[in-house]
Amino acid sequence: MLTVLKRSVAQGPKELTSPNVDSDRRKNGIDLVDSFVSADSGTVCINLGDAGAMAYTQSRKPLFTPRSFGAVEDMFCIFEGVLDNVAVLRQRYGLNKSANEVSIVIEAYRTLRDRGPYPADQVIRELSGKFAFVLYDSTSQALFTALDADGSVPFFWGTSADGCLVLSDDPNFLKEGCGKSFAPFPRGCFFSTSGGLQSFEQPLHKLMPMPRVDSKGQMCGANFKVDVFAKRQASMPRVGSEANWANAF
């Protein structure tokens, strides 16, 4: 799977870009999408207009972490993995028995976006199983993406030559397209356009970049881990406020 979003929609941490950009042979975002699509005739590509694009193929999907795509109104989501508590989540979000994982994630996001009573970290913690997903909301031009606490699904992110944020399950593709400006997506974390990178396992703590070098000793895109000594600023209660709390997660 692949998602490429322009910097105006989603700007990743600056540490994700290698300091060796001058020697990095990165591609532009549109070239990354074209390369991904041309590699497999069965690839499905969703044009997100000025925001970027999403693409996926079923021919190279993992055996134990199946891939699915869903679109509801203005929301587009690629989900990879399996949830163990689908029945419970269907009931929680009022979905019918045919609702699959990607439908659940879209509905969970919509509940969160429309001033739901729960913070984003709690919503993701309720997803039990192996998963990585990328959701784009075209109405608010917002990205919402996460990886499970065990990192069960291969999931990576990076930056293109023109500053696009790139997310994929294929490390070789990102290495070719993003050069050294990519890294594994941090497990147990989520990233949103408005809130940036956060841990849903330890939501009270900040994340700190950890330098990463390749076999030649050159700096690459940083890894991120929870800083147990640094706490995030506590947010205000979501319930009973007229504020649009979708901008706070």
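Quick summary incoming for the structure in this document.

## Let's talk about the overall build of the protein chain
Next, step 1: Scanning the protein chain from terminus to terminus reveals 5 helices and 14 strands.
Next, step 2: Within the protein chain, residue pairs in contact and separated by at least 24 positions form 61% of the contacts whose partners lie at least 6 positions apart.
Next, step 3: On the protein chain, roughly 12,200 Å² of surface is accessible, and the fraction owed to carbon and sulfur atoms is 50%.

## Remarks on the sheet that holds strand β5 (residues 75-83)
Next, step 1: Ordered in space as β4-β5-β6-β7-β11-β12, the 6 strands form an open sheet in which the pairing is antiparallel. Each end of this open sheet is capped by a strand with a single partner; those strands are β4 (67-72) and β12 (196-199). Mean inter-strand twist for the sheet, computed between neighbouring axes without regard to direction, equals 15°.
Next, step 2: Alignment of β5 against strand β6 (residues 129-137), held across 9 bridges, turns out to be antiparallel. Looking across to β6, one finds that F76 is bridged to Y136.
Next, step 3: The strands touched by helix α3 (residues 101-113) are β4, β5, β6 and β7 (142-147); relative to β5, the strand with the most contacts, the crossing angle is about 125°.

## Describing the sheet that holds strand β9 (residues 165-168)
Across a sheet, paired strands are connected by hydrogen bonds in the backbone, their directions being either parallel or antiparallel.
Next, step 1: The 6 strands lie next to each other as β2-β3-β1-β9-β8-β10, forming an open sheet whose pairing is antiparallel. This sheet does not close on itself; its edge strands, each paired only once, are β2 (44-47) and β10 (182-184). Strand-to-strand twist across the sheet, computed as the mean angle between neighbouring axes with direction ignored, equals 15°.
Next, step 2: Seen against the sheet, helix α5 (residues 171-178) touches β1 (2-5), β8 (156-159), β9 and β10 and runs at an angle of roughly 5° to β8.

Cut-offs and rules
- Residues numbered from 1 in each chain as written.
- Predicted model: local features only at pLDDT ≥ 70, side-chain atom pairs only at ≥ 80, totals over all residues.
- Heavy atoms only, no water.
- Helix = DSSP H or I, 4+ residues; strand = E, 2+ residues; numbered from the N terminus.
- Contact = heavy atoms within 4.5 Å.
- Areas by Shrake-Rupley, 256 points an atom, 1.4 Å probe, with all protein chains shown as cover.
- Pairing = 2+ DSSP bridges.
- Axes fitted to C-alpha atoms, helices over the stretch in contact; angles between N-to-C directions.

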